[in-house]
Amino acid sequence: MAPPERRRVVVTGIGAVTPIGTTIPEMWESLVAGRSGVDYIKRIDASTFPTTFGAEVRDFDESRLPDDGELRTILDRKNLFGWVAAADALKDSRILEAPPGCVGVSLGTESRRPDFLPRLADGALYPGAHDHMRFSPFVMAGALASHYEFTGPQVTVSTACTSGTQALGVAYQKIQWGEADAMLSGGCDSLIDPLMLTGFSLLGALSKRNDDPGHASRPFDLHRDGFVLGEGAGMLVLEEYEHAKTRHATIYGEVMGYASTSNAYRLTDSPPDGQGAYLSMKNAMDDAGVRPEEVGYINAHGTSTHQNDKSETAAIKRCFGEYAKHVPISSTKSMMGHLVNAGGAVELIICMLTIINGVLTPTINYEVPDPECDLDYVPNVARRQNVERALSNSFGFGGINATVVVGRAEE
């Protein structure tokens, strides 16, 4: 029996909560302006840590949160960001006005250590009634599905820095092969707490530019010294193309290809030759039926660590060949830090906005070129340029890679 024909998948709604804007217009304005959201940490006392700064979400409007008391109890900080981003994406898509037959949820997230001390009673420590739910990775997808009465597939992906991108890849495939007609998908995270600061500091992964936080995240720059912890959420509504067209939805673009690979190397290091990242990009472009010279922009994983940026550059050179010198690449982590589980979703939204607006967002803080990172990283200033196809990379601890190819949706 021949396999069923793959259905086209488009994006009809987007929402984001980030350190440089808690709505899509605010975030985009900051990106184009090259505005940094990195500053000294204010939520906790970080003065005794090796790194005292991060990219926090500020001016978060809690009036946008649900009135449901139980939901407010079980949703932690990262999930509150995710809830607002999801609500914005669904409102933007107008899909609730004419929902298709099968809508699912696919999210990238993970459990986090409680940000409070357990209670003391009778000499023993014990959790609160909702703490298990509050800090379980599956609760966000379940809460969204229940609240919006989505009866389709429900998926939670927990693969560190690739979670949001892999969740989107799963959603794309569910619609492609007819298991769902639409999917709410993305990721949410909040890493600015004592445990994350301690763990990543011990790994030597964080920048220590405590005298100049705004210039700390400097992907591909010769003097980069580590990444910056961030927090936020990105959510997208993915929909089968014919249904979106029938209801006259606004279409931001088309998800054209997806792939995920493993490095089979070290858990916390990127391979020098970029093998896993190379395969991820190559396989995603093969899935999309897109040639290297048809890609007009790459949103790099670009963490601002020595190994990652060097490895990703090597992978791009292997994948794109001679054209690697001509494709614009930028790392928006230079402005909003590393959103980890949320990063891939937010960065895919940025790819969509890049195609729509014809503006390449910059890699800020790029001051001294690294001979081992010698491609076009759109340094410091946004650039006007028409883009028809874009590629978004996410690479994570554990040696996981994921790439999504998006493009302008054609009739």
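Residues numbered from 1 in each chain as written. Predicted model: local features only at pLDDT ≥ 70, side-chain atom pairs only at ≥ 80, totals over all residues. Heavy atoms only, no water.

A. Inspection of the overall build of the protein at higher detail. Helices and strands together make up the secondary structure of the protein, namely 12 helices and 16 strands. For the C-alpha atoms alone, the extent of the protein along its principal axes is close to 65 × 55 × 40 Å. For the protein, the proportion of contacts with a sequence separation of at least 24, taken over those separated by at least 6, is 79%. Just so you have it, the protein exposes about 15,900 Å², and 53% of that area is on carbon and sulfur atoms. In the protein, 36 side chains carry a positive charge and 52 a negative one; their mean positions are 2 Å apart. (Helix = DSSP H or I, 4+ residues; strand = E, 2+ residues; numbered from the N terminus. Contact = heavy atoms within 4.5 Å. Areas by Shrake-Rupley, 256 points an atom, 1.4 Å probe, with all protein chains shown as cover. Lys, Arg positive; Asp, Glu negative; His and termini not counted. Charge placed at Lys NZ, Arg CZ, Asp CG, Glu CD.)

B. Representation of unusual backbone geometry within the structure. A positive phi angle is found at Phe 220, which is not glycine, with a value near 70°. Relative to the assigned elements, Phe 220 resides in the loop between α7 (194-202) and β9 (231-240). Take Phe 220: its relative accessible area is 0%, and that puts it in the buried class. (Buried < 20%, exposed > 50% of the residue type's maximum accessible area, 1.4 Å probe, protein only.)

C. Local environment of the pattern of salt bridges. All told, the structure shown has 26 salt bridges when counted by the stated rule. The salt bridge involving Glu 254 is made with Arg 8; its shortest N-O contact spans 2.8 Å. Pair noted here: Glu 254 is in strand β10 (residues 253-262) and Arg 8 is in the segment before β1 (9-17), with a separation of 246 residues, a long-range link. Judged by relative accessible area, which is 27%, Arg 8 ranks as partly exposed. Taken together, the shared-partner salt bridges connect Arg 218, Asp 221 and Glu 367 into one network. (Salt bridge = Lys/Arg side-chain N within 4 Å of Asp/Glu carboxyl O.)

D. Local environment of the nonpolar core. Formed by 43 residues in total, the largest nonpolar core has its most connected members in Met 27, Leu 236, Leu 238, Val 255 and Val 406. Ranked by residues supplied to this core, first place goes to helix α12 (residues 343-357) with nine residues. Leaving out residues up to four positions away in the same chain, Met 27 has contacts with Ala 16, Thr 18, Ile 20, Gly 21, Met 336, Val 346, Ile 349, Ile 350 and Leu 353. Listed in part, the 33 residues of the second largest apolar core include Val 57, Phe 81, Trp 83 and Leu 144. (Core = buried A, V, L, I, M, F, W, Y, C linked by side-chain atoms within 4.5 Å.)

E. Local environment of helix α10 (residues 306-320). Counted at 1.5 Å a residue, the expected span for α10 with its 15 residues is 21 Å, and the 22 Å between its end C-alpha atoms agrees. All of the buried residues in α10 are Asn 308, Asp 309, Ser 311, Glu 312, Thr 313, Ala 314, Ala 315, Ile 316, Cys 319 and Phe 320. Buried residues in α10 make contact with α9 (275-288), β11 (297-299), β12 (329-330) and β15 (389-396). Within two residues after α10, Gly 321 carries a phi angle of roughly 60°, on the positive side. (Expected span 1.5 Å × (residues − 1).)

F. Region of the structure containing the side chain of His 301. Summarising the element assignment, His 301 is placed in the loop between β11 and α10. A relative accessible area of 2% means that His 301 is categorised as buried. In contact with His 301, other than residues within four places in its own chain, are Cys 161, Asn 308, Glu 312, Ser 331, Lys 333, His 338, Asn 393, Ser 394 and Phe 395.

G. Seen up close, the pairing of β10. Extensive coverage of β10 is indicated by the burial of eight of its 10 residues. Bridging between β1 and β10 involves three bridges; their strand directions are antiparallel. When the bridges of β10 are listed, Val 11 appears paired with Gly 253. Judged from the eight bridges that link them, β10 and strand β16 (residues 400-407) form a sheet pairing that is antiparallel. Its bridge partner lying in β16, Thr 261 is registered against Asn 401. (Pairing = 2+ DSSP bridges.)

H. Structural context of the side chain of Ser 304. With respect to the helices, strands and loops of the structure, Ser 304 is situated in the loop between β11 and α10. For Ser 304, a relative accessible area of 0% corresponds to the buried category. From its side chain, Ser 304 meets the backbone nitrogen of Arg 218 in a polar contact 2.9 Å long. In contact with Ser 304, not counting residues within four places along its chain, are Ala 216, Ser 217, Arg 218, Pro 219, Arg 224, Asp 225, Gly 226, Phe 227 and Asp 309. (Polar contact = N/O pair within 3.5 Å; in protein donor to acceptor, adjacent residues only side chain to side chain.)

I. Broad picture of α9. The end-to-end C-alpha distance of α9 is 20 Å, a good match for the 20 Å that 14 residues give at a rise of 1.5 Å each. Regarding α9, the residues found buried are Gly 276, Ala 277, Tyr 278, Ser 280, Met 281, Ala 284, Met 285 and Ala 288. Next to the buried residues of α9 lie β10, α10, β15 and β16. Taken from the residues just after α9, Gly 289 is the one with a positive phi, measuring 70°.

J. Layout of the confidence of the model for the protein. Mean pLDDT over the protein: 92, with 92% of residues reaching 70 or higher. Taken as a whole, residues 115-120 scores under 50 in pLDDT and shows 16 contacts with residues more than four places along the chain or in a different chain. (pLDDT = per-residue confidence, 0-100.)

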